[in-house]
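One letter stands for each residue in the lines below.
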Amino acid sequence: MADNPFFAPSTLPYQLPPFAQIREEHYLPAFERGMADQLQEVAAIANNPEPATFANTVEALERSGQILKRTSIVFFSIASSDATDGIRAIETEISPKLTKHRDAIHLDRALYARIKQVTTEDPEEAWLLEKYRVDFVRAGAELSEEEQERLKALNEELSTLSTTFSQNLLTASTASALVTEDRTELDGLAESTLQAIHKDGKYVLPLLNFTNQPALAELTDRETRRKLYELSVGRAPENFELAVRMATLRAERAALLGYPNHAAYTVADQTAKTTEAVEELLAKLVGPTMANARREAEALSEQAGFAIEPWDWSFYAEKVRKARYDFDSSELHPYFELDRVLKDGIFHAATELYGITFADRTDLIGYHPDVRVYEVFDTDGAPLGLFLFDPYARPTKRGGAWMNNLVDQSHLFGELPVVMNNLNVTKPAEGPTLLTFYEVSTAFHEFGHALHGLFSDVRFPRVSGTEVPRDFVEYPSQVNEMWATWPSVLANFARHHETGEPVPDELLEKMRAAEKFNQGFTTLEYLAATLLDWAWHKLAPGEDVKDAEAFEAAALERAGVAFPLVRPRYRTNYFAHIFSDGVGGYSAGYYSYIWSEVLDADSVEWFKENGGLRRENGDHFRSRLLSVGGSKDAMDAFRDFRGRDPRIEPLLERRGLLT
Ligand SMILES: [Zn+2]
């Protein structure tokens, strides 16, 4: 095991993990040694006979656990992107042990006592010190021994449940796929899609992670649509029971820590701070959103000539788009070729705005042949970091799109960032990869997170890049979406993959005109998911839920968003954001997207007021907001950038919710 690649820092450029050398059998020994080493380091800090100082306590903690960090980062990245059976078995074994390990540190009384003794005059140090203190309190450092024992048991069970929940989902995406040998049932799907899903004489259409499967917009056979929809909403039914158990345990944990429910516990260290603040925002959106969705439903039924069912919504929405705006979104696909979107769109916008440049590093490799590696250079040509891009769906990859760090930027270690983006684009059997507009927009979004990581310019890894409150982290990524439709950017990347022709102006105008249509649906399915998450996590301690599906229905009814034609974007049984921690732990936090969007829409206004895609604007956003990461109060950073507090009106306007 001397050759375990996790035991020493990577010698590759930017400390890119040495994927070529990493094998499955390296993980468990590296986790074990990483945890043992860190416990020793922590014991040395806790038992240090010298008086507690920032350097010998907080900074020493920042420096501890390097093997564990290297191992965890690679392992969980692969557990999301390429979870073979071997990886899944390791995840099941290691997750509860990691939870135990974190508890052992957070509940170390001698260590916590030292943290409380540290004082410092330096603002960056003081900010980090306070973060550590709050982390420890929130993890139970001030509880009695007996309460801490109960807390540990709760955390361990929650960790196991969340692993099982996400593994059930991964299995369900293919186990509940729509399978048919009859091609006519799939009429309406593009030829390239049919080729990509045709295997061993069968067509297998896997489920994407949300309710409304994109194929519903294209399938002409109503019965197939119904089948696909029911497979989607009914997948992984065993997860209902897990969800109830998790919500119950979280309520009990919140009570132990002195909060009335898990939602209150969760938002306390977010920018929202109180459940009332979240509810106030959501309440503003419910009425206008429902009115919008009802209006849209009427238009769709009118178009269909009968009262539509939920599986008809997307199909007739496309028809209304055609009839009302003469716009067919599939006409755009030939103009959105993956490579051009990335290089001439996403990278191009970043070069125009921030002056950074990109180079292929085909000499460096990821964990899968589809992963591409790019080196990023700053305005003066100095190295800035590495960007890895893994665009394609595969049976071993979880649904959705996300960014993660492989190396955190920090001055403490003198390390530059290595960040990556994952998408779930279907890989064509042959020929170019053509994207939908939604996929284009998602790619810009994820790159916004990547920029947040790449521009990080902070001293400590704990507050590097995207290490900001969860209800703030979506904000910079949402802002980056604006460049996908910015005229000069769009003109640069949206070219026909065969002829090189730009998108006809007329088609673009139609796209813009059609943009607000179906916003009622989009906002409602999001809002319903948010309120469902909220209901599960406002459960009072000891409250008993007998039937998860009945709870779900009642929660939507009570929140005023029950509408049979528009189900939540995620139902309880596949709400990975809130029930599988690996996905990012959005429990009582799905509201973050709309919360962040208030800041996003207000910032987009700022860019427009100031001339849009200009270096000065990019530099301002970078220096005030992106580069500070989590090294100061998030809302202070926003005010530094915007010059005032956020306003909600731009969001309402964008979502068509101004009455
Ligand atoms: Zn995001």
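Check the entry above for the structure.
Residues numbered from 1 in each chain as written. Predicted model: local features only at pLDDT ≥ 70, side-chain atom pairs only at ≥ 80, totals over all residues. Heavy atoms only, no water.

Chemist: Just to check I follow, could you spell out the overall build of the protein for this structure?
Modeler: A tally of helices and strands in the protein yields 25 helices and eight strands. Computed over C-alpha atoms, the radius of gyration of the protein comes to 25 Å, within 12% of the 26 Å expected from 2.2 N^0.38 for 659 residues, which places it in the range of a compact globule. Seen through its C-alpha atoms, the protein measures out along the principal axes to roughly 80 × 60 × 55 Å. By residue count, 58% of the 659 residues in the protein fall in the buried class. Pairs at least 24 apart in sequence give 75% of the contacts found in the protein among residues at least 6 apart. When the accessible surface of the protein is split by element, carbon and sulfur atoms take 50% of a total near 26500 Å². (Helix = DSSP H or I, 4+ residues; strand = E, 2+ residues; numbered from the N terminus. Rg over C-alpha atoms; globule rule 2.2 N^0.38 Å. Buried < 20%, exposed > 50% of the residue type's maximum accessible area, 1.4 Å probe, protein only. Contact = heavy atoms within 4.5 Å. Areas by Shrake-Rupley, 256 points an atom, 1.4 Å probe, with all protein chains shown as cover.)

Chemist: Which parts of the structure should I look at to understand the nonpolar core?
Modeler: Formed by 163 residues in total, the largest nonpolar core has its most connected members in Trp313, Phe336, Phe387 and Phe444. Per element, the largest residue contribution to this core is 11 residues, and it comes from helix α19 (residues 519-537). Non-local contacts of Phe387, meaning those with residues more than four positions away in its chain, are made with Leu342, Phe347, Arg372, Val373, Tyr374, Val376, Val419, Asn421, Phe447 and Ala450. Residues Phe7, Ile67, Ile90 and Leu406 belong to the second largest nonpolar core, which totals 33 residues. (Core = buried A, V, L, I, M, F, W, Y, C linked by side-chain atoms within 4.5 Å.)

Chemist: Teacher, can you tell me more about the packing of helix α15 (residues 437-454) against helix α16 (residues 470-480) here?
Modeler: To characterise two packed helices, one gives the angle between the axes of the helices and the distance between these axes. Closest axis-to-axis distance for the α15/α16 pair is 7 Å, and the angle between their directions is 125 degrees. Between α15 and α16, the angle falls in the class oblique. As for how α15 packs across α16, the hand of that crossing is right-handed. Taking contact as the criterion, the partners of Phe444, His445, Phe447, Gly448, His449, Leu451 and His452 in α15 are, on α16, Val473, Glu474, Pro476, Ser477, Gln478 and Asn480. Among the residues forming the contact of α15 with α16, the class breakdown is five nonpolar, seven polar and one charged. (Axes fitted to C-alpha atoms, helices over the stretch in contact; angles between N-to-C directions. Parallel < 35°, antiparallel > 145°, perpendicular 65-115°, else oblique. Left-handed = near helix turned anticlockwise from the far one by under 90°. Nonpolar A, V, L, I, M, F, W, Y, C, P; charged D, E, K, R; others polar.)

Chemist: I tried to follow the sheet that holds strand β7 (residues 402-407) on my own but got confused; where do I start?
Modeler: Paired through backbone hydrogen bonds, the strands of a sheet run either parallel or antiparallel to each other. Taking strand neighbours across the sheet as the criterion, the five strands line up as β4-β5-β6-β8-β7 in an open arrangement whose pairing is mixed. Looking at strand neighbours, the two that pair on one side only are β4 (357-360) and β7, the edges of this open sheet. Shown here is a sheet whose adjacent strand axes are inclined to one another by a mean of 30 degrees, direction ignored. Looking at chain direction, β4 and strand β5 (residues 372-377) are connected through four bridges and run antiparallel. (Pairing = 2+ DSSP bridges.)

Chemist: What's the story with the sheet that holds strand β2 (residues 198-199) in this structure? I'm lost.
Modeler: If you trace the three strands from one edge of the open sheet to the other, you get β1-β3-β2, paired in antiparallel fashion. Looking at strand neighbours, the two that pair on one side only are β1 (178-180) and β2, the edges of this open sheet. Bridging between β1 and strand β3 (residues 202-205) involves three bridges; their strand directions are antiparallel. The partner of Leu178 across the bridge, within β3, is Leu205.

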